[in-house]
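The primary structure of each chain is shown beneath.
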Amino acid sequence: MTQQFRIDQLEQPIEIGSKEAKNRLVINAMECNDADERGNPGPKTKRRYKNLFEGEAGVVVLEAVTVTYESRGRKNQLSILPRNKEALKQFTKELKEINDDVIFLWQLTHAGELSHPDFSRRVTPKQLPGFEGDLLTEEEVHDIMDQFVEAVQIAEECGADGVDFKLCHGYLGSQLLRPYNDRDWKFGGSWENRSRFAFQTLERMVDAVSDPDFIFGSKISLWEGFPGGQGSAGPDTAVMDLEEPLKLVKGLEERGADFILESAGSPSITLALAHPDHRIPKDVYMHHTFQQRVSEVVKPETVVMGSGYSAFRDGDNDLQAVKKEENTLPYWGNKNIEDGVVDMVAIGRQSLADPHFPKKLLNGDHEDINWCTLCDSCIEFLIRQQNVGCAVHDEEYSQAFQNMREEFGKLSFKRT
Ligand SMILES: Cc1cc2nc3c(=O)[nH]c(=O)nc-3n(C[C@H](O)[C@H](O)[C@H](O)COP(=O)(O)O)c2cc1C
């Protein structure tokens, strides 16, 4: 018998700021390293987003777009600089022509210590073991704030509906917030100092746009899962203490955030926490706890989006469940909305496996869904600085994956 899923919650519209998302599905930011040499969307970028806009999710988040080309994590990363304006404008126009209902949010980022030294300058608030980098000066952090402000103005001018200010996954926004950043400077030590960048940058970005309906929000890692990481009780302990992440949530909300996109982990260190995988799938359940904690502290109008759902798949997973047949991505998405754990469900790897997933799910074409197998090939592409796609469901990327393995061999990466 063909599997059918409950979608009565997932199909409901929801207000984000003063705009309406047509349903509760969000395409999470998924960087695929396929921009051109100036950081403009390339042919593969355009194809990916065309497919996603056809897929009819309520919200699509444009992958991590760098506010500086000098320090960036991906060789072929999208950038948001004055030189990218025309291309980004055209890109957005074409996507809106495909589907004008999608709320299009752009994720703005600076890679900090995750900037790749092969082609960019690695900078850090405080050197974390295993990550080198030039220590940032206070003046440089002020310059980076200016870059975010300029970026949000470009985003507005180019037709984005809003931005996702990236404060997760070990990129600069996370690095500054971490208790590990106990360096004695304006942006380190006390919570007031460590949160200064996040709060002041958001305040300045909100002031910099002219459209009152422009949406603001942040993806944050509630707990990075290593000593001194976001959500740990101090600079040298991994004991979880959500007091600061929840203060961050409240502080962002007070400064104009319309949504909080929950995440956890830091993929270059705690990969499976950020992307629960088939070896350590249980971390999906931690995400539910984090989503619930955020939902408990925000105002009713602040939209809470939750990450990490791909690991449930169509129920073909190794997760312990109360009812095995219900342990699916749609089941948990629908149930968590019903239970008030989360307002919207953000889909990461599942959107690479099937960019039309929302449409198929909401229209009842459940047998046509291509499910993510959690094979990690998309992550391997990304780590190898290749164009990223789904090696299971997309023939072009199956071939590319074989070629990559022949050229570089098998990658063994940490998945703590
Ligand atoms: C190839 C790849 C690229 C990603 N790019 C981004 C990104 O640009 N920004 C971001 O915040 N998270 C990024 N993520 C993380 C996802 O958005 C998401 O948080 C994570 O995969 C967990 O959700 P899932 O279980 O639905 O995949 C990426 C993940 C993968 C596998």
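Quick look at the structure, then. Values in this document were obtained by computation on a predicted structure and should not be read as measured data. (Residues numbered from 1 in each chain as written. Predicted model: local features only at pLDDT ≥ 70, side-chain atom pairs only at ≥ 80, totals over all residues. Heavy atoms only, no water.)

## Digging into the overall build of the protein chain
Line of reasoning, step 1. Check the secondary structure of the protein chain and you find 14 helices and 14 strands.
Line of reasoning, step 2. Against the 2.2 N^0.38 benchmark of 22 Å for 416 residues, the protein chain shows a C-alpha radius of gyration of 20 Å, consistent with a compact globule.
Line of reasoning, step 3. If you line up the protein chain on its principal axes, its C-alpha atoms span 65 × 50 × 40 Å.
Line of reasoning, step 4. Considering the protein chain as a whole, with its 416 residues, one finds that 61% of them fall into the buried category.
Line of reasoning, step 5. Restricting the contact set of the protein chain to residue pairs at least 6 apart, pairs at least 24 apart contribute 71%. (Helix = DSSP H or I, 4+ residues; strand = E, 2+ residues; numbered from the N terminus. Rg over C-alpha atoms; globule rule 2.2 N^0.38 Å. Buried < 20%, exposed > 50% of the residue type's maximum accessible area, 1.4 Å probe, protein only. Contact = heavy atoms within 4.5 Å.)

## Here we look at helix H10 (residues 329-338)
Line of reasoning, step 1. Extensive coverage of H10 is indicated by the burial of seven of its 10 residues.
Line of reasoning, step 2. Three or more residues of H10 are buried, namely Leu-329, Pro-330, Trp-332, Gly-333, Asn-334, Asn-336 and Ile-337.
Line of reasoning, step 3. For H10, the secondary structure elements touched by its buried residues are helix H9 (283-297), strand S14 (344-347), helix H11 (349-353) and helix H12 (357-363).
Line of reasoning, step 4. N-capping of H10 is provided by Thr-328, with a side-chain oxygen placed 3.0 Å from the backbone N of Tyr-331.
Line of reasoning, step 5. Looking at the residues trailing H10, positive phi occurs at Gly-340, about 75 degrees. (Polar contact = N/O pair within 3.5 Å; in protein donor to acceptor, adjacent residues only side chain to side chain.)

## Some remarks on the pattern of salt bridges
Line of reasoning, step 1. In this structure the tally under the stated criterion is 33 salt bridges.
Line of reasoning, step 2. Glu-63 is the salt-bridge partner of Arg-48, the closest N and O atoms lying 2.8 Å from each other. With Arg-48 in helix H1 (residues 43-54) and Glu-63 in strand S4 (residues 59-66), this pair connects stretches of sequence that are 15 residues apart. For the pair Arg-48 and Glu-63, one class covers both residues: buried. (Salt bridge = Lys/Arg side-chain N within 4 Å of Asp/Glu carboxyl O.)

## A word on the site of the ligand
Line of reasoning, step 1. Around the ligand there are 22 residues in total, and Ala-29, Gln-107, Ser-310, Gly-348 and Arg-349 lie nearest to it.
Line of reasoning, step 2. Within the backbone of Ala-64, a nitrogen or oxygen atom sits 3.1 Å from an oxygen atom of the ligand.
Line of reasoning, step 3. In this structure, an oxygen atom belonging to the ligand sits 3.4 Å away from a main-chain N or O atom of Gly-308.
Line of reasoning, step 4. The element contributing the most residues to the shell around the ligand is helix H13 (residues 377-383), with three residues.
Line of reasoning, step 5. Of the residues belonging to the shell around the ligand, the class tally is 11 nonpolar, seven polar and four charged. (Near = heavy atom within 4 Å. Nonpolar A, V, L, I, M, F, W, Y, C, P; charged D, E, K, R; others polar.)

## With respect to the environment of Val-304
Line of reasoning, step 1. For Val-304, the location among the structural elements is in strand S13 (residues 303-306).
Line of reasoning, step 2. Here the alpha-carbon distance between Val-304 and Gln-292, two residues 12 residues apart in the chain, equals 9.1 Å.
Line of reasoning, step 3. The residues contacting Val-304, other than those within four sequence positions of it, are Ile-260, Gln-291, Val-294, Ser-295, Val-298, Val-342, Asp-343 and Met-344.

## A word on the sheet that holds strand S8 (residues 162-167)
Line of reasoning, step 1. Spatial ordering of the closed barrel is given by S3-S4-S5-S8-S9-S12-S13-S14, a layout of eight strands whose pairing is parallel. Sheet twist, expressed as the mean angle between neighbouring strand axes with direction ignored, is 25 degrees.
Line of reasoning, step 2. Each of strand S3 (25-27), S4 and strand S5 (103-109) is contacted by H1, which is oriented at about 160 degrees to S4, the strand it contacts most.
Line of reasoning, step 3. Contacting strand S12 (259-263) and S13, H9 runs over the sheet at an angle of about 155 degrees to S12. (Pairing = 2+ DSSP bridges. Axes fitted to C-alpha atoms, helices over the stretch in contact; angles between N-to-C directions.)

## Focus on helix H7 (residues 243-254)
Line of reasoning, step 1. The terminal C-alpha atoms of H7, which comprises 12 residues, lie 16 Å apart, in line with the 16 Å expected from a rise of 1.5 Å per residue.
Line of reasoning, step 2. Within H7, burial applies to Glu-244, Pro-245, Leu-246, Leu-248, Val-249, Gly-251, Leu-252 and Glu-253.
Line of reasoning, step 3. Note on H7: the residue one or two positions beyond its end, Gly-256, has a positive phi of about 115 degrees. (Expected span 1.5 Å × (residues − 1).)

## Side note on the pairing of S13
Each regular strand carries side chains that alternate between the two faces of the sheet.
Line of reasoning, step 1. What you see with S13 is no split at all: Val-303 and Met-305 on one side and Val-304 and Gly-306 on the other are buried throughout.
Line of reasoning, step 2. Strand direction decides the pairing type here: S13 and S14, joined by two bridges, are parallel. Directly across from Gly-306, in S14, lies its bridge partner Val-345.
Line of reasoning, step 3. In terms of handedness, the path from S13 via H10 over to S14 forms a crossover that is right-handed. (Right-handed = clockwise from strand over helix to strand, strands pointing away.)

## So, the side chain of Ser-351
Line of reasoning, step 1. When you line up the elements, Ser-351 lands in helix H11.
Line of reasoning, step 2. Judged by relative accessible area, Ser-351 falls into the buried class, the value being 6%.
Line of reasoning, step 3. A distance of 2.6 Å separates the side chain of Ser-351 from the backbone oxygen of Gly-348, its partner in a polar contact.
Line of reasoning, step 4. What Ser-351 contacts, discounting residues up to four positions off in sequence, is Ile-27, Met-30 and Leu-52.

## Focus on unusual backbone geometry
Line of reasoning, step 1. Non-glycine residue His-169 carries a positive phi angle of around 60 degrees.
Line of reasoning, step 2. For His-169, the location among the structural elements is in the loop between S8 and helix H4 (172-177).
Line of reasoning, step 3. Despite not being glycine, Leu-374 shows a phi value in the positive range, around 60 degrees.
Line of reasoning, step 4. Tracing the backbone shows Leu-374 in the loop between H12 and H13.

## Details of the packing of aromatic side chains
Line of reasoning, step 1. Counted by the stated rule, this structure contains 20 aromatic pairs.
Line of reasoning, step 2. Seen from their ring centres, Phe-381 and Tyr-397 are 5.8 Å apart, and the 80 degrees between their planes marks the pair as edge-to-face. Remark: Tyr-397 occurs in helix H14 (residues 395-408) and Phe-381 occurs in helix H13; sequence separation between them is 16 residues.
Line of reasoning, step 3. Judged by its relative accessible area of 1%, Phe-381 is buried.
Line of reasoning, step 4. Residue classification places Tyr-397 among the buried residues on the basis of a relative accessible area of 4%. (Phe/Tyr/Trp six-rings, centres within 6.5 Å; stacked < 30°, edge-to-face > 60°.)

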